[in-house]
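So you can see what is in the structure, the chains are spelled out below.
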Amino acid sequence: GKTYADYKNEHQKLSEQAAPLKQKVEAKEREKARSLKFMEEEEERVTETANKFSSSVESLRGIVLLIEEYEKSRVADEVEKLHEEKDRLSIKAKTKREEHDNMKPELDRLSKMVDDQERERKNLEENIKLIKSMKNIETFQNELARSETELSGI
């Protein structure tokens, strides 16, 4: 059978094998925290941009409504000026829509980051399970060593 020294030696080997895993888990957790902070900042930035866009669209709608009412009540040359203004605002609205459409890749990138974070979390959970299993093996080996010591004393 195995001697106490054998078990102690195995325990030492397992501890040495577990140390890099523990370091990897700690590094992954630090990396996860940095990624989460970055994602939160990115989300705030995207939300702020979307809010500005929505606000611009609302003010443009208000202006267009005012223009339409004004057109109904003014003479022909003023109507022409209003058409020019309306065209300018239509171009501005189109530009804002394009800006909004250009945000889509950024939103897709953030979505991919969230998916990557989920994979990373699952990987960390697997590493944690492995460390717990190694601790259980260690506990079992300690109990076995105690039992053998007790048996050898009988």
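Residues numbered from 1 in each chain as written. Predicted model: local features only at pLDDT ≥ 70, side-chain atom pairs only at ≥ 80, totals over all residues. Heavy atoms only, no water.

Participant: I'm lost on the overall build of the chain in this one. Help?
Facilitator: Within the chain, the regular secondary structure consists of 3 helices and 0 strands. Starting at the N terminus and walking to the C terminus, you meet the elements of the chain as α-α-α. At 33 Å, the chain has a C-alpha radius of gyration far larger than the 15 Å of a compact globule built from 154 residues. The C-alpha extent of the chain, read off along each of the three principal axes, is 115 × 20 × 15 Å. Per-residue burial over the chain gives 18% buried out of 154 residues. (Helix = DSSP H or I, 4+ residues; strand = E, 2+ residues; numbered from the N terminus. Rg over C-alpha atoms; globule rule 2.2 N^0.38 Å. Buried < 20%, exposed > 50% of the residue type's maximum accessible area, 1.4 Å probe, protein only.)

Participant: Just to check I follow, could you spell out the pattern of salt bridges for this structure?
Facilitator: Should their charged atoms come close, side chains of opposite charge can pair. Considering all chains together, one arrives at 18 salt bridges under this definition. Here Arg119 ties to Asp116 by a salt bridge, and the two come within 2.2 Å at their closest N and O atoms. Note that Arg119 and Asp116 are positioned in helix H3 (residues 104-153) at a spacing of 3 residues, about one turn of the helix. A salt bridge links Glu118 to Arg121, with the nearest nitrogen and oxygen atoms 2.2 Å apart. Residue Glu118 and its partner Arg121 are both found in helix H3; the two are separated by 3 residues, about one turn of the helix. (Salt bridge = Lys/Arg side-chain N within 4 Å of Asp/Glu carboxyl O.)

Participant: Just to check I follow, could you spell out the side chain of Ser35 for this structure?
Facilitator: Following the sequence through the fold, Ser35 ends up in helix H1 (residues 4-73). Note on Ser35: relative accessible area 18%, which makes it buried. For Ser35, the residues in contact, after removing those within four places along its chain, are Met113 and Gln117. (Contact = heavy atoms within 4.5 Å.)

Participant: What's the story with H3 in this structure? I'm lost.
Facilitator: An α-helical turn contains 3.6 residues, so a residue and the one three or four places further along point in the same direction. For H3, spanning 50 residues, the distance from its first C-alpha to its last is 73 Å, which sits close to the expected 74 Å at 1.5 Å a residue. Buried within H3 are the following residues: Glu106, Leu110, Met113, Gln117, Glu120, Leu124, Asn127, Ile131, Met134, Gln141 and Ala145. (Expected span 1.5 Å × (residues − 1).)

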